[in-house]
Amino acid sequence: MREFNYYRAGSVRDAAKRLGASGNAMLLAGGMTLLPALKMRLNEPGELIDLAGIDELRGVKLTRKGAHIGATTTHAEVAGNVELRAAVPVLPHAAESIGDPQVRNRGTLGGSLANNDPAADYPAVALALGATIFTNKRKISADDFFVGMFETALGRGEVVTQVLFPKPQRAGYAKFPNPATRYALVGVCVAQFKTGVRVAVTGAGASVYRLPEFEDALDADFSEVALDGLTASAANLNDDMHAGADYRAHLVSVMARRAVSLALD
Amino acid sequence: MTGGMGIGVSAPRTEDRRFITGRGRYVDDINLRSQQYAWFVRSPHPHAEVRGVDAADALKMPGVTAVLTGADMQADDIGPLPVAWGITSRDGSPAFEPEYPALATDRVRYVGNPVAVVVAESRTQARDAAEMVNVDYEELESMSSATAAMEEGAPLIHEGAPGNMCFDWEWLPAAMAPDARSNTDKAFEEAAHVVSLELVNNRLAPNAMEPRASLADFNPATGQLTLYTTSQNPHVNRLLLCTATLKMPEHKVRVVAPDVGGGFGSKIYHYAEELTVCWASRRLRVPVKWTAERSESFLADAQGRDHVTRVELALDADAHFTGMRVDTVANLGGWLSAFGPAIPTVFYAPLLAGVYRTPNIYVTVKGVFTNTTPTDAYRGAGRPEACYAVERAVDEAAVQIGMDPAELRRRNFIQPDEFPYQSPVGQLYDSGDFEGCLDLARELNGYEEFAERRRQSQARGKLRGRGMCFYIEACGAAPSQAAGQLGARAGLYEVATVRVHPSGSVQVLTGAHSHGQSHETTFAQIVAERLGIDFGNVEIVHGDTGEIPFGMGTYGSRSLAVGGTALYKALDKVEEKGRKIAAHLLEAEAADIEFTDGQFRVAGTDRAVPFGDVALAAYVPHNYPLQELEPGLEETAFFDPENFTFPSGCYICEVEVDRQTGEVELCDFVAADDFGNIINPMVVEGQVHGGLAQGIGQALLEHCRYTPEGQLLSGSYMDYCMPRADDLPNFVVATRCTPTPFNPLGVKGCGEAGAIGAPPAVINAVLDALRPLGVTHIDMPATPQAVWQAIQAAQSGD
Ligand SMILES: Cc1cc2nc3c(=O)[nH]c(=O)nc-3n(C[C@H](O)[C@H](O)[C@H](O)COP(=O)(O)OP(=O)(O)OC[C@H]3O[C@@H](n4cnc5c(N)ncnc54)[C@H](O)[C@@H]3O)c2cc1C
């Protein structure tokens, strides 16, 4: 870690202004990703702007449109939210699969999406549910938000404020954890809406992506059997000491089936 | 009289209050006035010439006191890191022992090899400055695997070791030599069945919870050096500092190993960092502290295992084992760690008989240099590798001849009436009841109902498998003379002082060191039992050369068998002297005094004096036989054991495999161990649990992986997979006791058993689950991907 300045923001405006003004400030949410990165000197910001004191960024609200979740809502809060469990159970289910209790008590939705770790869980749920990411400047659809490995559509000085997850008819998230990190080696989220089925994959590629062939098959018949014979391509998938591309591709089809089965449960 | 906490009681751990309430005092908790911080500049290359170290920029950084290099160290006549065990190749030549400087002088041989040290006022400043040290490296070709290092034309790591061969060793113990080889070959020629396996014993990182740390404090006024360090054996560190590296007289050096958070072997050695901070403190005249980051531990702590082994087992028509051949290539790393050459040889080969009567065994081991972190003892140290080879081969034989694996083992067991049993690989086994352990394990496992459990798993779409293992290990290192003949360069006895205070409370100064073993509890139980005093009146002091006369420390499950016996012998002396004092007080003959329940009594009478009164008389000798006895009550004993001790046991486990993902779930694990007599059953259970967790970690999760060139891939917990609680089932553990005759406590040692026995049990279970799919082999760790690949290969007929 190097020395840095710590600033506790009082409002989103305050945070955004400070962020825009400084050349090398970073937002701090739960710190579960950022603090280890600082310790390993992978990030060397001059200032951390803490979002923890901003009440308007925190909380869960259900409306006709779906679930609105504030950016600094922790994974534990999502996992334990009774209304969400009834309305959009895939969200608490996915949140519960993140890390361990300590991480879930600190880590936040906004931090996870803004970070866009290729193995993170929330991006798959956000993409499959067709979420909308609200910032201090605009709203961005999930289809446009996740750009690449650790890369999003967020611009400089942009703060994620809340996320709207539309309520699907059915949805399921199946995760095969990396044995070492327990992040997703492969995670697949399947969501069925009146308008069609969306399937999103995390862990397998450089960034979360959709599987159109699987979506078409499930549009025709939302069942595990509908996926029989479908395989995911191993092209461009991650290859590391825990899983080669072919194993990951194989897990994509297994987890897709399990996600459908969870959705139908 | 013991406060209910004598031998055999699960006394709650004395140390827990301190640890659980955050009052432990570890090296990094100790801070001295004017202390400065060391940060090591380490090689980023697996193999390179060091052409020069330019510290000019670093020295300009704020807070920097010094940047010191290998050349500075040489100029100060600091000796190389010593090798503690000499091995002789089969052609009679000694193993090649390169001079291993704490800071590289001309060449680095693994990623993480220290090159220079920065000392600064804060840790951050030291680290910042370390980034500014410019080392001129000329990269050399490199390799991480021992097999690659042995290939023709492989880059040479040490000029003095052609073919990168440190030694080419064969095991010809006195009992067998010189016919071991021909007799074994003959057994194979005459065999009815032969099995042959090539096994990889995966490299592991020890991962003690507390990273290593050293704080050195040289006092220029007195010339006294105090070193606080994370050590399993502070006296040994002092010995090496004084005689080999720093070269100071022992009376000017004090080494303190305070609370230490786990060792598993990795804190035995006199490491480069520890030596460097001592030297830096002496040179700079300030206290210097170094605390490893976890990422540093992955590079700089000696690692374990890393063998490739060809094991062959010969059986006659009645399924008796008639011969075994073992040929192992052991990866030693870029330099030799202190016991590096000993672990894959003398700590390995003598255990290859297992619990069986195999009459002919021939073992060869090649020790090979590679561009990796040096390897050394890690929980089990040689015995897990031996056990894995034997128990995989036995299971393979059972499959090949179509016999129940338990039955095949039973048929070949050494029988209870054969003890002490001279094994063909040179060990004299003390005692054991292998049938008894097998029966106990079978009962706890519900052996007969396995088929039903397998059916149930199948109904859930899972493949169920069961695996078993029998281990035997040599603990209680060691009879010094035997060890000396095998190449040890130090004695391996243990030391204890029992200091009885005037009021009758007792302090024990032990040369053993507890870093998780619970000596403060178990050693106090021995004292309470022997002296009949309250457990709470006993204090165990360890880990300080300034207080404790001497000691060899804790590793190899030796603390109780050797250190506990030293304590027992010192208690004998206390009792003997007490008897004389009591005889005087009771006006009787010493020969007529018996000592029970804390009372010295004239035999056959009710005339008695309690232990506390005797202690008081010794220190206030108003009524005391001063003509015959010195006042005071304090006794020291050195105990050098006559033999090793041989814990053994049977482990049975069951797994379920998800054939779609390759995931292995460990469903049940049963351990039936024979540790001899037991002082504290709860502590023993804890030791077994920890060992099992690490053994299961080796089998399913852990792997220290390098690129072929020698960059460490598993350099953090993002890639090195430690076992977590939910990876483990609820262990069912039980013991069966055959006391060892080789120490008066009848104890054998329990610290490493789990790590030794678990790996083959788990892998045998995984293979049992996968055999219906045609899978016949898998290496550790059996990760989901490895299992999936094995299934794919079997199904596609590869
Ligand atoms: C041991 C461990 C295990 C984990 N396991 C998992 C797992 O299984 N699955 C998983 O998905 N994740 C896992 N995580 C990551 C965890 O979910 C983190 O919480 C998450 O990645 C980041 O959230 P955070 O609130 O901690 O963000 P921080 O670490 O505070 O910030 C992360 C990044 O996001 C930026 N940022 C934060 N908030 C905002 C905002 N509102 N607007 C714009 N930018 C913002 C920060 O500037 C920073 O660049 C794990 C983490 C740890 C330490």
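The structure presented is a predicted model; accordingly, all values stated were derived computationally and were not measured.

Brief notes about the sheet that holds strand β25 (residues 634–639) of chain B
All names here are of chain B.
Phase 1 of the analysis: Here we have four strands laid out as an open sheet, ordered β21-β20-β19-β25, and mixed in their pairing. A single partner strand is all that each edge strand has here, and the edge strands are β21 (538–542) and β25. Strand-to-strand twist across the sheet, computed as the mean angle between neighbouring axes with direction ignored, equals 15°.
Phase 2 of the analysis: Judged from the five bridges that link them, strand β20 (residues 506–510) and β21 form a sheet pairing that is parallel. Following the sheet pairing, T510 is matched in β21 by H542.
Phase 3 of the analysis: Along the sheet, helix α15 (residues 519–531) contacts β20 and β21; its crossing angle with β21, the most-contacted strand, is approximately 135°.
Phase 4 of the analysis: Contacting β19 (494–500), β20 and β25, helix α16 (residues 559–586) crosses the sheet at an angle of about 140° to β25.

Some words on the site of the ligand
Residue and element names in this part refer to chain A.
Phase 1 of the analysis: Around the ligand there are 31 residues in total, and G30, G99, G107, G110 and G111 lie nearest to it.
Phase 2 of the analysis: At the level of elements, β2 (25–28), α6 (101–106) and α7 (109–115) are the ones that each hand at least two residues to the shell around the ligand.
Phase 3 of the analysis: When residues of the shell around the ligand are assigned to their parent elements, the largest contribution, five residues, is made by α7.
Phase 4 of the analysis: Classifying every residue of the shell around the ligand gives 17 nonpolar, 10 polar and four charged.

What to know about the packing of α16(B) against helix α17 (residues 611–619) of chain B
For any two helices packed against each other, one specifies the inter-axial angle together with the distance between the axes.
All names here are of chain B.
Phase 1 of the analysis: The interhelical angle for the contact between α16 and α17, taken along N-to-C directions, is 90°, at an axis separation of 10 Å. Between α16 and α17, the interaxial angle falls into the category roughly perpendicular. Within the contact between the two elements, α16 uses G578, I581, A582 and L585 and α17 uses F611, V614, A617 and A618.

Comments concerning the domain arrangement of chain A
Residues and elements named next belong to chain A.
Phase 1 of the analysis: In terms of domain boundaries, chain A breaks down into domain 1 (5–49) and domain 2 (58–264).
Phase 2 of the analysis: Distance from the C-alpha centre of domain 1 to the C-alpha centre of domain 2: 25 Å.
Phase 3 of the analysis: Across the contact, 11 residues belong to domain 1 and 14 residues belong to domain 2.
Phase 4 of the analysis: The biggest single contributor to the side of domain 1 that touches domain 2 is helix α1 (residues 12–21), with five residues.

So, the nonpolar core
Phase 1 of the analysis: Ranked by size, the top nonpolar core spans 345 residues in total, and within it V188(A), C189(A), V190(A), V118(B), L352(B), V762(B) and V766(B) carry the most contacts.
Phase 2 of the analysis: Residue contributions to this core peak at 12 residues, all from helix α19 (residues 753–770) of chain B.
Phase 3 of the analysis: If sequence neighbours within four positions are ignored, V190(A) has contacts with A128(A), A171(A), G172(A), V197(A), V199(A), L218(A), A256(A), A259(A), V260(A) and A263(A).

Focus on the environment of F347(B)
Phase 1 of the analysis: Residue position: F347(B) is located in the loop between β14 (321–333) and β15 (361–369).
Phase 2 of the analysis: Spatially, the C-alpha atom of F347(B) lies 18 Å from that of R310(B), the residues being 37 residues apart in sequence.

Some words on the sheet that holds strand β7 (residues 139–141) of chain A
All names here are of chain A.
Phase 1 of the analysis: Spatially, the five strands line up as an open sheet ordered β4-β5-β10-β6-β7, and their pairing is antiparallel. Only two strands of the sheet have a single partner each, and these edge strands are β4 (60–63) and β7. Taken pair by pair, the neighbouring strands of this sheet meet at an average axis angle of 20°, ignoring direction.

Brief notes about the interface of chain A and chain B
Phase 1 of the analysis: Of the residues lining the interface, 12 residues belong to chain A; the matching set on chain B comes to 16 residues.
Phase 2 of the analysis: Here the residues of the side of chain A that touches chain B are counted per class, giving eight nonpolar, three polar and one charged.

Considerations on the environment of G751(B)
Residues and elements named next belong to chain B.
Phase 1 of the analysis: Inspection of the secondary structure puts G751 in the loop between β28 (731–735) and α19.
Phase 2 of the analysis: The spacing of G751 and D57 is 694 residues in sequence and 49 Å in space, taken between C-alpha atoms.
Phase 3 of the analysis: Those residues in contact with G751 that sit more than four places away from it in its chain are Q517, S557, Q687 and G691.

Focus on unusual backbone geometry
All names here are of chain B.
Phase 1 of the analysis: The linkage connecting F419 with the following residue, P420, adopts the cis geometry, with an omega of -5°.
Phase 2 of the analysis: Assignment of secondary structure puts P420 in the loop between α11 (405–412) and β16 (421–422).
Phase 3 of the analysis: Cis geometry is adopted by the peptide bond preceding A478, which originates at A477 and carries an omega value of -5°.
Phase 4 of the analysis: The backbone of D77 shows a phi angle near 60°, a positive value even though the residue is not glycine.

A few points about the domain arrangement of chain B
Residues and elements named next belong to chain B.
Phase 1 of the analysis: As far as domains go, chain B holds domain 1 (16–23 + 493–639), domain 2 (31–140 + 213–262 + 267–287) and domain 3 (307–477 + 643–795).
Phase 2 of the analysis: Here the C-alpha centroids of domain 1 and domain 3 sit 39 Å apart.
Phase 3 of the analysis: In this assembly, 16 residues from domain 1 lie in contact with 18 residues from domain 3.
Phase 4 of the analysis: For the side of domain 1 that touches domain 3, the secondary structure elements donating two or more residues are α15 and α16.
Phase 5 of the analysis: Ranked by residues supplied to the side of domain 1 that touches domain 3, first place goes to α16 with six residues.
Phase 6 of the analysis: Partitioned by chemical class, the residues of the side of domain 1 that touches domain 3 number six nonpolar, nine polar and one charged.

A word on the pairing of strand β9 (residues 213–219) of chain B
Residue and element names in this part refer to chain B.
Phase 1 of the analysis: With respect to burial, β9 is a largely interior element, six of its seven residues being buried.
Phase 2 of the analysis: Here β9 pairs with strand β12 (residues 288–291) via four bridges, running antiparallel. Bridge assignment links A213 to a residue of β12, and that residue is T291.
Phase 3 of the analysis: Sheet topology note: the β9/strand β10 (residues 224–229) ladder contains six bridges and is antiparallel. The residue bridging L215 from the neighbouring strand is Y228, located in β10.
Phase 4 of the analysis: Between the end of β9 and the start of β10, which pair antiparallel, lie four residues, with G223 showing a positive phi angle near 75°.

Concerning helix α12 (residues 434–445) of chain B
Residues and elements named next belong to chain B.
Phase 1 of the analysis: Between its first and last C-alpha atoms α12 spans 16 Å; for 12 residues at 1.5 Å apiece the expected length is 16 Å, and the two agree.
Phase 2 of the analysis: Of the residues making up α12, those classed as buried are F434, C437, L438, L440, A441 and N445. Down the axis of α12, the smallest arc covering the buried residues is 165°, so these residues share one side.
Phase 3 of the analysis: Looking at the buried positions of α12, the neighbouring elements they touch are α11, β18 (463–472), β26 (648–657), β27 (664–674) and β28.
Phase 4 of the analysis: Within two residues after α12, G446 carries a phi angle of roughly 70°, on the positive side.

The rules we used
Residues numbered from 1 in each chain as written. Chains lettered and ligands numbered in written order. Predicted model: local features only at pLDDT ≥ 70, side-chain atom pairs only at ≥ 80, totals over all residues. Pairing = 2+ DSSP bridges. Helix = DSSP H or I, 4+ residues; strand = E, 2+ residues; numbered from the N terminus. Axes fitted to C-alpha atoms, helices over the stretch in contact; angles between N-to-C directions. Contact = placed C-beta atoms within 7 Å. Near = placed C-beta within 6 Å. Nonpolar A, V, L, I, M, F, W, Y, C, P; charged D, E, K, R; others polar. Parallel < 35°, antiparallel > 145°, perpendicular 65-115°, else oblique. Domains from an automatic or database assignment. Core = buried A, V, L, I, M, F, W, Y, C linked by C-beta atoms within 7 Å. Buried ≥ 20, exposed ≤ 12 C-beta atoms within 10 Å, placed from the backbone. Expected span 1.5 Å × (residues − 1). Arc of directions from axis to C-beta.

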